[in-house]
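# Structural overview for review
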Amino acid sequence: MSRSAHPAGPRHADVLPEGHYSAPPADLNALDPKVWAQTVTRDGEGVLTVGGIDVKRLAEEFGTPAYVLDESDFRARARAWRTAFGQDADVFYAGKAFLSRAVVRWLHEEGLNLDVCSGGELATALSAGMPVDRIAFHGNNKSPAEIERAVRAGVGRIVLDSFQEIARVAHIAQELGRRQRVQIRVTVGVEAHTHEFIATAHEDQKFGIPLAGGQAAEAVRRALQLDGLELIGIHSHIGSQIFDMSGFEVAAHRVVGLLKDIRDEHGVELPEIDLGGGLGIAYTSDDDPREPHEIAKALTEIVTRECESARLRTPRISVEPGRAIVGPTAFTLYEVGTIKPLDGLRTYVSVDGGMSDNIRTALYDAEYSVALVSRSSDAEPMLARVVGKHCESGDIVVKDAFLPADLAPGDLIAVPATGAYCRSMASNYNHVLRPPVVAVRDGEARVIVRRETEDDLLRLDVG
Ligand SMILES: *Cc1c(COP(=O)(O)O)cnc(C)c1O
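Predicted model, so just to flag it, every value in this text is computed and none were measured. Counting restarts for each chain, with residues numbered from 1 along the sequence as it is written. It should be noted that, the model being predicted, local features are given only for residues of pLDDT at least 70 and side-chain atom pairs only at 80 or more, the latter also being counted only at that level, while totals for whole chains, interfaces and linings use all residues. The basis for every side-chain value is the complete set of non-hydrogen atoms in the structure, without hydrogens or water.

Centre-to-centre distance and the angle between the planes together describe a pair of aromatic rings. Classification of ring pairs uses Phe, Tyr and Trp, with its six-membered ring standing for Trp, and accepts pairs whose centres are within 6.5 Å; under 30 degrees between planes counts as stacked, over 60 as edge-to-face, and the remaining range as tilted. All told, the structure shown has five aromatic pairs when counted by the stated rule. Both rings, one in Phe74 and one in Tyr93, keep their centres 5.7 Å apart while their planes meet at 65°; by these two values the pair is edge-to-face. On the criterion of sequence distance, the pair formed by Phe74 in helix H2 (residues 71-85) and Tyr93 in strand E5 (residues 89-94) is long-range, its members being 19 residues apart. Just as Phe74 is buried, Tyr93 falls in that class too. One aromatic cluster in this structure is built from Phe74, Tyr93 and Trp106. Segments assigned H or I by DSSP are reported as helices when at least four residues long, segments assigned E as strands when at least two residues long, and all are numbered from the N terminus. Per-residue accessibility, obtained with a 1.4 Å probe over protein chains only, is compared with the maximum for each type, and a residue is labelled buried under 20%, exposed over 50%, and partly exposed between these values.

When a carboxyl oxygen of Asp or Glu lies within 4 Å of a side-chain nitrogen of Lys or Arg, that pair is called a salt bridge. Applying the stated criterion across every chain yields a total of 29 salt bridges. Put simply, Lys399 and Asp365 hold a salt bridge, and the shortest N to O gap is 3.8 Å. Of this pair, Lys399 sits in strand E20 (residues 396-404) while Asp365 sits in the loop between helix H11 (360-364) and strand E18 (371-372), and the two are 34 residues apart along the sequence. Residue Lys399 is classed as buried on the basis of its relative accessible area, which comes to 18%. A salt bridge links Arg385 to Asp400, with the nearest nitrogen and oxygen atoms 3.9 Å apart. Of the two residues, Arg385 sits in strand E19 (residues 381-387) while Asp400 sits in strand E20, which places them 15 residues apart along the sequence. With respect to class, Arg385 is no different from Asp400; both count as buried. A single salt-bridge network, built from bridges that share partners, covers Glu71, Arg75, Arg79, Glu109, Glu110, Arg441 and Asp442.

Attention now moves to the nonpolar core. With 112 residues, the main nonpolar core has Phe74, Tyr93, Ile184, Ile234 and Ile413 as its most contacted residues. Top contributing element to this core by residue count: helix H8 (residues 246-266), with nine residues. Residue ranges assigned to the domains are those given by an automatic or database domain assignment. Built from parts of two domains, this core gets at least three residues from each of domain 1 (41-70 + 328-450) and domain 2 (71-324). In this structure, Val40, Val55, Ala59 and Val438 belong to the second largest nonpolar core, which totals 23 residues. In plain words, nonpolar cores are sets of buried Ala, Val, Leu, Ile, Met, Phe, Trp, Tyr and Cys residues tied together by side-chain atoms within 4.5 Å.

Another aspect to go through is the site of the ligand. One heavy atom within 4 Å of a molecule or strand is enough for the residue carrying it to be called near that molecule or strand. The full set close to the ligand counts 15 residues, and Lys96, Gly278, Glu320, Arg323 and Tyr421 are the nearest of them. With respect to the ligand, the backbone of Gly278 contributes an N or O atom lying 2.8 Å from an oxygen atom. Any N or O atom pair separated by 3.5 Å or less is treated as a polar contact, with the protein-specific requirement of one donor-capable and one acceptor-capable atom, and with residues adjacent in sequence counted only for side-chain atom pairs. In the environment of the ligand, an oxygen atom lies 2.8 Å from a nitrogen or oxygen atom belonging to the backbone of Arg323. Residue burial considers only the protein chains on display, and all accessible areas are found by Shrake-Rupley using a 1.4 Å probe. Contact with the protein chains removes 96% of the 380 Å² of surface that the ligand exposes when unbound. Amino acids outside the nonpolar list (Ala, Val, Leu, Ile, Met, Phe, Trp, Tyr, Cys, Pro) and the charged list (Asp, Glu, Lys, Arg) are all regarded as polar, and Gly is one of them. Split into classes, the residues belonging to the shell around the ligand amount to four nonpolar, seven polar and four charged.

Right, let's talk about the sheet that holds strand E2 (residues 48-50) for a bit. Spatially, the three strands line up as an open sheet ordered E1-E2-E3, and their pairing is antiparallel. The sheet is open, and its two borders are formed by strand E1 (41-42) and strand E3 (53-54), each paired with just one other strand. For two strands to pair, DSSP has to find at least two bridges joining them.

Attention now moves to the pairing of strand E22 (residues 437-441). The side chains of a regular strand alternate, first on one face of the sheet and then on the other. For E22, a buried count of four out of five residues is recorded, marking the element as mostly surrounded by other parts of the structure. Of the strand pairs in this sheet, strand E4 (residues 66-70) and E22 are connected by four bridges, and their pairing is parallel. Pairing of Leu69 across the sheet is with Ala439, part of E22. Two successive antiparallel strands, E22 and strand E23 (residues 444-449), enclose a turn made up of two residues, where Asp442 displays a positive phi of approximately 45°.

Moving on to helix H1 (residues 55-62). Listed in full, the buried residues belonging to H1 are Val55, Leu58, Ala59 and Phe62. Buried residues of H1, seen end-on, are gathered within an arc of 100° and therefore sit on one face of the element. Set apart from the buried face of H1 by more than 90 degrees, the exposed residues are Glu60 and Glu61. Gly63 sits one or two positions beyond H1 and adopts a positive phi of about 80°. Our arc is simply the arc of the directions from the helix axis toward the C-beta atoms.

We now examine the packing of H2 against helix H3 (residues 101-109). Between N-to-C directions, angles cover 0 to 180 degrees, with each direction set by a line fitted to C-alpha atoms, over the stretch in contact for helices. Contact geometry for H2 and H3: axes closest at 10 Å, N-to-C directions at 40°. Taken together, the axes of H2 and H3 are oblique relative to one another. Taken as a pair, H2 and H3 cross one another with a handedness that is right-handed. Contacts from Glu71, Phe74 and Arg75 in H2 reach Val103, Trp106, Leu107 and Glu109 in H3. Oblique is the label for any angle not under 35 degrees, not over 145, and not in the 65 to 115 range, which are roughly parallel, roughly antiparallel and roughly perpendicular in turn. Whether a crossing is left-handed or right-handed is set by the direction in which the near helix is turned from the far one by less than a right angle, anticlockwise for left-handed and clockwise for right-handed. The criterion used for residue contact is that any of the two residues' heavy atoms lie within 4.5 Å.

UniProt positions are given in the numbering used here, feature names are shortened, and annotations may be inferred rather than shown by experiment. Following the UniProt record, the feature "binding site: substrate" (unreviewed entry) maps to Arg323, Arg360, Tyr364, Glu392 and Tyr421 here. What stands out for the annotated residues spanning 99 residues is how far apart their C-alpha atoms range, the widest pair being 27.0 Å apart. Mapping Arg360 onto the fold places it in helix H11. Given the relative accessible area of 1%, Arg360 is considered buried. With respect to the helices and strands, the residue Tyr421 is situated in the loop between strand E21 (412-416) and E22.

The topology assignment puts Gln180 in strand E9 (residues 180-187). Polar contacts involving the side chain of Gln180 include one to the main-chain carbonyl oxygen of Val155, which spans 3.1 Å. Ignoring anything within four residues of it in the chain, the contact list for Gln180 reads Val151, Val155, Gly156, Arg157, Ile158, Val169, Ala173, Gly228, Leu229 and Glu230.

With that settled, consider the pairing of E19. For E19, the tally of buried residues reaches six of seven residues, placing the bulk of the element in the interior. As paired elements, strand E17 (residues 346-351) and E19 share four bridges and run parallel to each other. Within the sheet, the bridge partner assigned to Ser350 lies in E19 and is Val387.

Tracing the chain through its elements places Gly51 in the loop between E2 and E3. With near-sequence residues (within four places) excluded, Gly51 lies in contact with Thr39, Val440, Arg441, Asp442, Gly443 and Glu444.

Encoded structure:
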């Protein structure tokens, strides 16, 4: 089992046997609502529609590959998180999953807060009018310029990740005559993966300050002494694509232990606890994610119970879902270019994108599903591997999936659950142009991030 927790996804290969795939589904035309955005369905002719628009029209108008995002689904999921946690908690959307100005406006309208972790993400948030006190600034190596900009702008909180940063933020805030609200990110020695977690993981990672050895307690001691800082709470983020709440249980127990030590040593009860993000979504029909209200109930109960037994006032909880909000709301629409059956092995299906628009399969051995979407088919299932057009044999989008055997060049296929960590991690490898993000809602489609052009590429290349 891997020890490396990835901010954007697990390494399934360490958990699942090599070559793992389910039996062919009974009906290749069926669209499992677990993995597809809410408004996705097939019309009378078998063409997939989303937000009332069929994918053939989307491909014609916007080209392929394209990320197609169901705006009503995004809003519904954001609202579900907000409602589930209620007025006594804060939901911060993790912008690194996917951030654009339209997304910032939706979040604002739905009453969510926003996590950013770079100057670029902060600029996007501010330019779209996110109230600055609802922004949290993360990262393990924020530059002094980024810190200054965040403090000047007045971000609601900065999450401190190292001893240097405690001093740096305090200094910058003081120079600016400010008192910056901060949390300290601690590593609690819990590491969560898809279906299990390790409660005694080594704190061998770049993020946070270890609870172990009294380091986090020392960080708190320093932060409390510095005039430029107002320490409002402790932050813990244990991993990603988590289904099992017991990792949070252990993490909360340990964070509350620290809060109790802080009370005993300094006579202060910190008012906030942030449990991070990392809640899982369904990439295939095998995944069974929980609903926001179940997660909210479980987390609230855990923190309340731990605080009661430590005789602490229950702090205000915040959570930071990224993937769980945006992940399921989008799919990537590709056109099939070539089909190469390898006898006795599988059939390679090449699409017009690849690792430049979805690096997660290559990076984390992530699993995805795929469907033929420009028509339905009664053909037999064939075991396929969906690959991209890049000069790299690891350029795989979907490792093992069943597609109908009559699949042909020109067909449109779609990979669901690509809303998170796909466009945000996209690259220009092979000078491929990054696809647009098209938002659909109530029969209307609009580009929220346009397709890159060769002019965009050449503009950066100043010769
Ligand atoms: C990545 C990250 C998140 C979001 O993780 P998801 O898996 O997208 O929910 C939240 N908080 C922090 C600190 C992160 O690094």
